[in-house]
Amino acid sequence: MNQPVERNIMPLVDRSLSLTHRFWHVAALSLLVGACSSPTPTASPSASGSPTAQASGKELTVGMVIVGPKDDGGWNQAQYEGMQAVVKNVPGVKFDYVDKVNPADRPNVKGTQVADELIGKGAKFVIFNSDDFKDDALETAKKHPDVTVVHASGDYAWKEGKNFKNQPNLSNIMGRMEYGKMMAGCAAVLGTQNGKIGYLGPLINDETRRYVSAAYLGAKYCWENYLKKKPADLKFKVTWIGFWFNIPGVTLDPTKVVNDYFNGGYDVVMSGIDTPEAATETKKAAAAGKKVKFVHYDLKTGCDLAPEVCLGVPYYNWSLPYTDAVKKAIDGKFTSEFVWLGPDWKDINDPATSMIGFLPGKALGANKQYMDTFIKGMGDKSIDLYKGPIKYQDGKTEFLKAGATATDQQIWYMPQLLAGMEGSSK
């Protein structure tokens, strides 16, 4: 197979998906301009650019369709900041965007409509930044064959995947956050006093199943190997809220979910959603005297929200693959690719080389030594958490047979959570 060079509900889940489908499929183009605040370009070269530069293809406007707020403290902010870095580092790049493209903030507005507006304003490169936009990305690529379309997630460009679409101007870009989640799970275990870890999950799909399962594998390994605890004494539970962030009346309230965990005796909460409720509620609970901690997600600066109780944050470095894709487009060398980048194990926090990083938090204390050992072991392959035997949650079906190592397809398309985990798989 090609070596990759994904994203982002239970009766509640079904309600949220139904709402999402209604949102994306209700045609309301006449409402677009009124519904969307004008996209705000970043600081960049002059708006018009020189005709010579434009004719030579050395100037490019990139538009981004952003599912949540660009300053959400998580996924969307990381994506936005990644493109800001591209503008800073690649001459001739301008950036335009529309954020909050979701059923709560912009009812009856499709991702394709937003893309059409960005393209109409001059974008020749469009990024859709959420798994929810997978069909919008494909439709836009078909409608605008002269526009480069990137979906930050998804698998339509993966020839060896289950859902391949032969669309020459469409690429998928994602990070191998599975490794970041393993680090996060290890950090969670190193911070717990009672072995009760709660995971704040978004909606349920292939991506989120593999992410929370990776977090569990990391937690289980560090629980048994560094803390020398019995496997049966680790309690790892995921609660799915129903979307990537709170939609009042549709999803579970993540604020309540976090506090329900703490009130139920869990002392560490891991975030798997776009927004910072795990951080804000942990900070409040700690101020009230509870000995609780959290693990953030998505954004490099996530621990800054509550540094004294933060165990760490796995994060994406979007500037790395976006810079590469934009340069290829400028040079006329862009081709359809499935890009799935992992950490640079020589230095996972090097912004020039590593798509996935992890920053330990203050709350790890002396246990940071174990995190360092764990990361080193994954890097030199002495620790391989995707090696069998591993069973799925039903306890009967095998994820991996004894001695087998997971393929990319087995990791990407996980149909269940893993044995030992509590929470719904569908």
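Residues numbered from 1 in each chain as written. Predicted model: local features only at pLDDT ≥ 70, side-chain atom pairs only at ≥ 80, totals over all residues. Heavy atoms only, no water.

**Q** If you had to explain the layout of surface pockets to someone new, which residues and values would you point to?
**A** Here the largest pocket defines a volume of roughly 380 Å³. Around the largest pocket, the lining comprises 19 residues; the ones closest to its centre are Tyr179, Lys381, Asp384, Tyr386 and Thr405. Every element with two or more residues in the lining of the largest pocket is listed here: α7 (177-191) and α13 (408-412). With three residues, the single largest contributor to the lining of the largest pocket is α7. Looking at the lining of the largest pocket residue by residue, the class counts come to eleven nonpolar, three polar and five charged. (1 Å grid on protein atoms, 1.4 Å probe; cavity = no way out; pocket = protein on both sides within 12 Å on 5 of 7 lines; lining within 4 Å. Points joined across faces, edges and corners; volume = space filled by probe spheres on them. Helix = DSSP H or I, 4+ residues; strand = E, 2+ residues; numbered from the N terminus. Nonpolar A, V, L, I, M, F, W, Y, C, P; charged D, E, K, R; others polar.)

**Q** Describe in detail the sheet that holds strand β7 (residues 235-240), supporting the description with residues and values.
**A** The sheet built from five strands is open, its strands ordered β9-β8-β6-β7-β15 with parallel pairing. Both outer strands of the open sheet, β9 (293-295) and β15 (421-422), are each paired with one neighbouring strand and no more. Of the strand pairs in this sheet, strand β6 (residues 196-201) and β7 are connected by six bridges, and their pairing is parallel. The residue of β7 that forms the bridge with Gly201 is Trp240. Its contacts with the sheet put α7 on β6, β8 (268-271) and β9, and the angle it makes with β8 is roughly 165 degrees. Against the sheet, helix α10 (residues 277-287) makes contact with β6, β8 and β9, and its axis sits at roughly 170 degrees relative to β9, the strand it touches most. (Pairing = 2+ DSSP bridges. Contact = heavy atoms within 4.5 Å. Axes fitted to C-alpha atoms, helices over the stretch in contact; angles between N-to-C directions.)

**Q** Account for the sheet that holds strand β2 (residues 93-98), with residues named and values stated.
**A** Read from one edge to the other, the open sheet built from six strands follows the order β2-β1-β3-β4-β5-β11, with strand pairing classed as parallel. Both edges of this open sheet fall to β2 and β11 (338-341), since each of them pairs with a single strand only. Averaged over all neighbouring strand pairs, the angle between strand axes comes to 20 degrees, with direction disregarded. When strand β1 (residues 60-65) meets β2, the two strands line up parallel, connected through six bridges. Counted as the bridge partner of Met64 is Tyr97 from β2. Contacts from helix α5 (residues 111-120) reach β1, β2 and β3 (125-128), with the element oriented near 160 degrees to β1. Helix α6 (residues 134-143) contacts β3, β4 (148-151) and β5 (170-175) of the sheet and is inclined by roughly 170 degrees relative to β4.

**Q** So, the side chain of Gln416: which residues are in play, and what are the values?
**A** Position of Gln416 relative to the elements: it lies in the loop between α13 and β15. Of note is the side chain of Gln416, whose polar atom sits 3.4 Å from the backbone nitrogen of Gln393. In this structure the side chain of Gln416 is engaged in a polar contact, spanning 3.0 Å, whose partner is the side chain of Asp394. Dropping the residues within four chain positions of it, Gln416 is found in contact with Arg209, Ser213, Tyr392, Gln393, Asp394, Thr397 and Ser425. (Polar contact = N/O pair within 3.5 Å; in protein donor to acceptor, adjacent residues only side chain to side chain.)

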